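# Architecture and fold: a report
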Amino acid sequence: MAQAKTQQLTRSTQPHPEFLWHSGKLVPWEQATVHVTSVVWTAVSAVFEGIRAYWNASQQELSVFQLDAHMKRLAQSMKLMRMADNITTAHVRQAVLDLLRANAFREDVYVQPLVYFAEGIPGYIGVLDRPVDVLITARPSPSTLEDEGGVTAGISSWARIADNVMPPRAKALANYQNSRLVPTDARVNGYDQGIMLNQAGKVTEAASSCVVLIRDGAAITPPWSAGILESITREALFTLLRNELRMPVQERDVDRTELYIADEVLLCGTLMEVKPVVFVDKYTVGDGQPGPVTRKLQSLLLRAARGEMPAYAPWLTAVYGARRPAVNGARRAAVNGTRKLATVRARA
Ligand SMILES: *Cc1c(COP(=O)(O)O)cnc(C)c1O
């Protein structure tokens, strides 16, 4: 019985994409194996990115959202880990596009490039400027921006890691020990999400998304120095708030009680996109329904990401463009078109 349960948990029955990217080339999913000794400890120093690509059915185009901003942040995370730049983010950028084309996705996708020390260097050893390797996976992930509902949140009893402990601005796998305790704790206490305070008792972020409040016609959010990840979605929302809703944005310290009295609270991040928070610590936020500003932001973000707002075209990178695949044989055409690039491994 127990054994059957374990097998159910460990053996994924999910269909997987045809290709992933590893060590400079496209690899068929089943063939992407490494030696057992190179797993686990290598992950301690690994850094990653989470990126979305949105499918526009009428344009028959898949667009990566904020690809350059994600590459810039990946470079920052690699620098903080003192990784060598034997693989450049220009290489990773191209690889992301090649991988999406190879899988010929015609739906919303989540892409995750992961950079780790090559040669199986375990993460507990201090190393300087050692070469890195890249693994990139992509999977279908439908946008939830049109979902109606909101989520409940509780202030977590776990505090956010501090910059003199494990830098929160690095998008590092190890930071996710902090991040995973929070939703677990939230679930135990009957909430959907947990929001963390920092060591000074101020609001930081949720486990993998940032917090924005709407109060008296202004958007308010904790600053980078509160110990948040430098969220790209948060920056995009600032732009939409200022340009489209003419609403001022204030980055400043936020107390937990300010969440209780806010007109609206939302969580934002690439995977979560924009989620209204309707209860915090069982205080009703606003009237307990997703608020009008949050709703507008969801709709604006979706339109911008799907390429329906020309002013935000610079946020998007077209995956197919002139190489748009036919519906039939799409996969083969895409792979043939990118194989050559795929085998070029950038070494400094
Ligand atoms: C990725 C991430 C976020 C959200 O950042 P985006 O760039 O908006 O996706 C927030 N917090 C943590 C800890 C994260 O890892």
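See the structure above.
Summarised in this report is the structure supplied together with it.

About the cut-offs
Residues numbered from 1 in each chain as written. Predicted model: local features only at pLDDT ≥ 70, side-chain atom pairs only at ≥ 80, totals over all residues. Heavy atoms only, no water. Helix = DSSP H or I, 4+ residues; strand = E, 2+ residues; numbered from the N terminus. Buried < 20%, exposed > 50% of the residue type's maximum accessible area, 1.4 Å probe, protein only. Contact = heavy atoms within 4.5 Å. Patch = residues over 30% accessible without salt bridge, like charges linked within 9 Å, V, L, I, M, F, W, Y side chains within 5 Å. Areas by Shrake-Rupley, 256 points an atom, 1.4 Å probe, with all protein chains shown as cover. Salt bridge = Lys/Arg side-chain N within 4 Å of Asp/Glu carboxyl O. Expected span 1.5 Å × (residues − 1). Arc of directions from axis to C-beta. Core = buried A, V, L, I, M, F, W, Y, C linked by side-chain atoms within 4.5 Å. Axes fitted to C-alpha atoms, helices over the stretch in contact; angles between N-to-C directions. Parallel < 35°, antiparallel > 145°, perpendicular 65-115°, else oblique. Nonpolar A, V, L, I, M, F, W, Y, C, P; charged D, E, K, R; others polar.

So, on to the overall build of the protein. Helices and strands together make up the secondary structure of the protein, namely eight helices and 17 strands. Residue burial in the protein is summarised as follows: out of 348 residues, 52% are buried. Long-range contacts, defined as pairs at least 24 residues apart, comprise 72% of the intrachain contacts of the protein with a sequence gap of at least 6.

Moving on, we come to a nonpolar patch on the surface. Taken together, the side chains of Val34, Val36, Val39, Val40, Trp41, Val44, Tyr124 and Ile125 define a hydrophobic patch exposed on the protein surface, amounting to about 790 Å² of accessible area. With respect to the element layout, Val34 can be found in the loop between strand S2 (25-28) and strand S3 (47-48).

So, on to unusual backbone geometry. Positioned with a positive phi, Ala104 is a non-glycine residue whose angle comes to about 45 degrees. The topology assignment puts Ala104 in the loop between helix H3 (89-103) and strand S6 (109-117). What makes Ala104 buried here is its relative accessible area of 10%. Even without a glycine there, the phi angle at Lys282 is positive, about 65 degrees.

Between the first and last C-alpha of helix H4 (residues 176-188) there are 18 Å, a value that for 13 residues agrees with the 18 Å anticipated at 1.5 Å per step. Within the span of H4, buried status applies to Asn178, Ser179, Val182, Asp185 and Ala186. Looking straight down H4, one finds that the buried residues subtend no more than 130 degrees of arc, so they occupy a single side. Among the exposed residues of H4, those pointing more than 90 degrees away from its buried face are Arg187 and Val188. Tucked inside the fold, the buried residues of H4 contact strand S9 (193-197).

A side chain with one charge may pair with a side chain of the opposite charge, provided their charged atoms come close. Following the criterion strictly, the structure yields 15 salt bridges and no others. Between Glu49 and Arg73 there is a salt bridge; the shortest N-O distance is 2.8 Å. In this pair, Glu49 is assigned in the loop between S3 and strand S4 (51-56) and Arg73 in helix H2 (residues 67-80), connecting sequence segments 24 residues apart. A relative accessible area of 0% places Glu49 in the buried class.

Here the focus is the environment of Glu230. By the secondary structure assignment, Glu230 is in the loop between strand S12 (218-221) and helix H5 (232-244). Accessibility expressed as a relative area gives 12% for Glu230, which makes it buried. Taking the C-alpha atoms as reference points, Glu230 and Cys210, separated by 20 residues in sequence, lie 8.9 Å from one another. Excluding anything up to four places from it in sequence, Glu230 contacts Arg73, Gln76, Arg169 and Trp224.

It is characteristic of soluble globular proteins that their nonpolar side chains tend to be buried jointly. In terms of nonpolar packing, the biggest core is built from 38 residues, with Leu62, Leu100 and Ile136 touching the most fellow members. Of all the elements in the fold, those that place two or more residues in this core are strand S1 (19-22), S4, strand S5 (61-65), H2, H3, S6 and strand S7 (132-140). Of the residues forming this core, the biggest block, seven residues, is contributed by H3. Not counting residues within four places of it along the chain, the set of residues in contact with Ile136 comprises Leu20, Trp21, Val92, Ala95, Val96, Leu99, Val111, Gln112 and Pro113. Grouped together as the second largest cluster of nonpolar side chains are 29 residues, Val212, Ala219, Phe238 and Cys268 included.

A separate point is the packing of H5 against helix H7 (residues 292-305). Their axes nearest at 10 Å, the elements H5 and H7 cross at an angle of 105 degrees. Here H5 is positioned roughly perpendicular relative to H7, judged by the angle of their axes. Listed contacts from H7 to Thr233, Leu237, Leu240, Leu241 and Glu244 of H5 are Val293, Leu297, Leu300 and Leu301. Looking at the contact of H5 with H7 residue by residue, the class counts come to seven nonpolar, one polar and one charged.

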